[in-house]
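Overview (structure and organization)
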Amino acid sequence: MGEMTGFQLGVIGALFLSVASSVSIVICNKALMSNLGFPFATTLTSWHLMVTFCTLHVANRLNFFESKSIDMKTVMLFGILNGVSIGLLNLSLGFNSVGFYQMTKLAIIPFTVLVETLFLKKQFSQQIKFSLFLLLVGVGIASVTDLQLNLVGTILSLLAIITTCIGQILTNTIQKRLNVSSTQLLYQSAPFQAAILFVSGPVVDQFLTKQSVFSHKYSPIVLVFIILSCLIAVSVNFSTFLVIGKTSPVTYQVLGHLKTCLVLGFGYTLLHDPFTERNIIGILVAIFGMGLYSYFCAQENKKKQAADVKDGAPLLSQDKDSHEVKKLTKNSLV
């Protein structure tokens with residue numbers, strides 16, 4: 001019972017850390033890119049991952065966690081896949097309208113459910129599917145504005161959905177099957193993610209923004225926000241692996257849409273972004289869907305725990321009967 005309570009507290013802590021750090025980095029990056037004129041998102045992400053790796057390396061040297069050796073080919077492919085998915089998402093935003101980009105992010109949940117159902121034989125109840133549907137409708141109402149389609153943008157969006165979905169499923173699968181912690185997996189894979197984005201980032205950013213990250217004028221305030229963004233990113237990257245490892249890729253995506261609603265709210269409150277009745281209705285529908293998802297997941301976990309206890313009861317009884325037989329046999333021999 002104590003172990004289960006500790007696990008639940010760990011999940012709650014991971015979810016809170018993920019939400020707090022993600023909302024913080026969105027606000028920081030929005031100020032950096034919109035107000036301070038630093039538009040190089042992909043390159044900035046590579047710096048995030050390099051700082052994350054350096055921080056974890058120092059933590060490992062100070063024995064805050066123990067490094068665990070993982071098959072190099074697995075880690076390399078996993079790191080490259082995650083790096084490619086980040087680049088594809090940024091390219092998708094560059095080639096599509098903001099509305100279509102939001103639809104791309106929304107499509108990750110149903111695609112993840114489809115992949116886990118077909119290939120991992122995971123079952124999702126009708127209640128879970130309904131709550132996810134409500135969530136997606138709500139976020140769509142709140143965040144999707146214009147939808148403009150083009151062939152290149154659509155292909156990039158499909159590739160972004162596939163790579164993001166597979167990367168998040170692998171994050172969960174590798175941790176459980178190889179018995180590694182989120183910190184150990186992030187420590188091993190971050191250099192490969194950072195490397196591919198460090199090489200491709202400036203090219204992607206120059207293609208999207210028509211500006212060079214190398215010729216940009218870095219004022220002191222820009223440098224302060226870049227450093228702040230990198231420091232917050234350590235928490236974001238760590239909590240991402242932690243949440244996916246402790247819950248599931250679908251739950252992480254649900255959490256991501258909660259962050260979207262919070263960012264819209266904070267944007268209106270702190271940055272005075274325009275806010276309409278449509279935004280409010282969408283956020284309320286999305287929050288209702290999230291509440292249903294949390295409730296149905298909790299109910300299913302209780303049923304599963306009750307079934308496990310029920311299945312374990314005969315075994316305990318059998319062990320007790322076996323012990324009594326042994327005791328009687330021993331007494332008879334005496």
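The structure presented is a predicted model; accordingly, all values stated were derived computationally and were not measured. (Residues numbered from 1 in each chain as written. Predicted model: local features only at pLDDT ≥ 70, side-chain atom pairs only at ≥ 80, totals over all residues. Heavy atoms only, no water.)

**Here's the deal with the side chain of Thr112**
- Note on placement: Thr112 falls in helix 5 (residues 108-119).
- Overall, Thr112 belongs to the buried group, its relative accessible area being 0%.
- At 2.7 Å, the side chain of Thr112 forms a polar contact with the backbone oxygen of Ile108.
- Apart from the residues within four sequence positions on either side, Thr112 is in contact with Cys165, Ile169, Pro249 and Val250. (Helix = DSSP H or I, 4+ residues; strand = E, 2+ residues; numbered from the N terminus. Buried < 20%, exposed > 50% of the residue type's maximum accessible area, 1.4 Å probe, protein only. Polar contact = N/O pair within 3.5 Å; in protein donor to acceptor, adjacent residues only side chain to side chain. Contact = heavy atoms within 4.5 Å.)

**Some details on helix 7 (residues 151-177)**
- Relative to the 39 Å expected for 27 residues at 1.5 Å per residue, helix 7 spans 38 Å between its end C-alpha atoms, a close match to the ideal helical length.
- Backbone geometry just after helix 7 places Asn179 at a positive phi near 55°. (Expected span 1.5 Å × (residues − 1).)

**Looking at unusual backbone geometry**
- If you check the backbone angles, Lys121 has positive phi at about 55° while not being a glycine.
- The residue Lys121 is located in the loop between helix 5 and helix 6 (126-143) in this model.
- Despite not being glycine, Lys210 has its phi angle at roughly 60°, a positive value.
- Inspection of the secondary structure puts Lys210 in the loop between helix 8 (182-209) and helix 9 (220-246).
- By relative accessible area, Lys210 is classed as exposed at 66%.

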